[in-house]
Amino acid sequence: MEAAGLLCLAAAALLAWGFLRVWDSRERTKSQEQAGVLGDGSRTLLVIAHPDDEAMFFAPTVLGLARLGHRLSLLCFSAGNFYNQGEIRKKELLQSCDVLGIPPSSIMIIDNRQIITGNQRKDEYEEIHQDQREENERSAILWKELWSRSLEVSGGWRVQGQGTSRFRIWDFPDDPSVQWDTERVASILLQYIEMNSINLVVTFDEGGVSGHSNHIALYAAMRTLHSEGRLPKGCSVLTLQSVNVLRKYISLLDLPFTLLRRQDVLFVLTSKEVAQAKRAMSCHHSQLLWFRRLYVLFSRYMRINSLYFL
């Protein structure tokens, strides 16, 4: 009885190994097919809410798009400062993106802790943000543009006193209990898209994968821009499909369920790419608590991304 059980286990392992070998080969062929749908060499923007979203949820998409020759940029709407680890998490994001092939010059992180006073000079403001700007050389012009329109897009709080007004430029705290303002998110997204000639945007769907309100806010902003016809001509939006908890944690075993359902774009990582995605996630040392280590092992999002066009 025990021997039969071991034989069944060995057979299952052999079948799984064979499946992965076949899938690796098939994915190389499928990349050529999806290039026709997504456009070869597109300027693509990945929009995330927190450092680690790029590896935890979008690694198959990032690596799949790189496989298709896309030029990727990343816009992160917070520094992930919920537990006062913002500075650490910004560095971890840069390290993770390096593993995934996104250069520092293509990364922009919005840190809501930056506050300016109404009587500060612009050169003082830019000096405060020198470190951030060095991380975002290609997007430096966007910082200046956002400065000039900061009062317009902030809509945030204002403190009067002693002839001084204080404004929080971006009010996007890493906090699931805070609802980010859709129009403010949309305004910054649209400016970035226009100034960087983006023709494909990738972000969360209405479920936000984990249900996090910050994730869902990004979808709401992109949905608004899309439905109101404010996106530049030729700019498409892909959203990452949320699945139920059972499917979320069965790793590659979710693939048959995924294939039975409609999706516009499907990325499944090869064995080599899975190892690369795990290395990217391991850069987020501050976030690797025991349950996230289990996530890395069992989540389908470390292997599979199914996406839909808006």
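Conventions we followed
- Residues numbered from 1 in each chain as written.
- Predicted model: local features only at pLDDT ≥ 70, side-chain atom pairs only at ≥ 80, totals over all residues.
- Heavy atoms only, no water.
- Axes fitted to C-alpha atoms, helices over the stretch in contact; angles between N-to-C directions.
- Helix = DSSP H or I, 4+ residues; strand = E, 2+ residues; numbered from the N terminus.
- Parallel < 35°, antiparallel > 145°, perpendicular 65-115°, else oblique.
- Left-handed = near helix turned anticlockwise from the far one by under 90°.
- Contact = heavy atoms within 4.5 Å.
- Nonpolar A, V, L, I, M, F, W, Y, C, P; charged D, E, K, R; others polar.
- Patch = residues over 30% accessible without salt bridge, like charges linked within 9 Å, V, L, I, M, F, W, Y side chains within 5 Å.
- Areas by Shrake-Rupley, 256 points an atom, 1.4 Å probe, with all protein chains shown as cover.
- Salt bridge = Lys/Arg side-chain N within 4 Å of Asp/Glu carboxyl O.
- Buried < 20%, exposed > 50% of the residue type's maximum accessible area, 1.4 Å probe, protein only.
- Pairing = 2+ DSSP bridges.

## Observations concerning the packing of helix 4 (residues 86-100) against helix 13 (residues 271-282)
One can describe the packing of helix 4 onto helix 13 by two numbers: an axis separation of 8 Å at closest approach and a directional angle of 165°. Taken together, the axes of helix 4 and helix 13 are roughly antiparallel relative to one another. Regarding helix 4 and helix 13, the two cross each other, and that crossing is right-handed. Between helix 4 and helix 13, the residues in contact are Ser-96, Val-99 and Leu-100 and Gln-276, Arg-279 and Ala-280, respectively. Taken together, the residues that form the contact of helix 4 with helix 13 break down as three nonpolar, two polar and one charged.

## Focus on a nonpolar patch on the surface
On the surface, a cluster of nonpolar side chains totalling about 850 Å² of accessible area is made up of Val-245, Tyr-249, Leu-289, Trp-290, Phe-291, Leu-294, Leu-297 and Phe-298. Take Leu-289: it is sitting in the loop between helix 13 and helix 14 (290-298). Judged by its relative accessible area of 44%, Leu-289 is partly exposed.

## Quick look at the sheet that holds strand 10 (residues 304-309)
One open sheet accounts for seven strands, arranged 3-2-1-7-8-10-9; its pairing is mixed. Strand pairing shows two members of the sheet lacking a second neighbour, strand 3 (107-109) and strand 9 (265-268), which therefore form its edges. Between one strand and the next, the sheet's axes are offset by a mean angle of 20°, whatever the strand orientation. Both strand 7 (residues 200-204) and strand 8 (residues 236-240) contribute to a ladder of five bridges, which runs parallel. By the bridge assignment for strand 8, Val-202 is matched with Leu-238. Its contacts with the sheet put helix 4 on strand 1 (43-48), strand 2 (71-76) and strand 3, and the angle it makes with strand 3 is roughly 160°.

Purely spatial values, then, with no claim about function.
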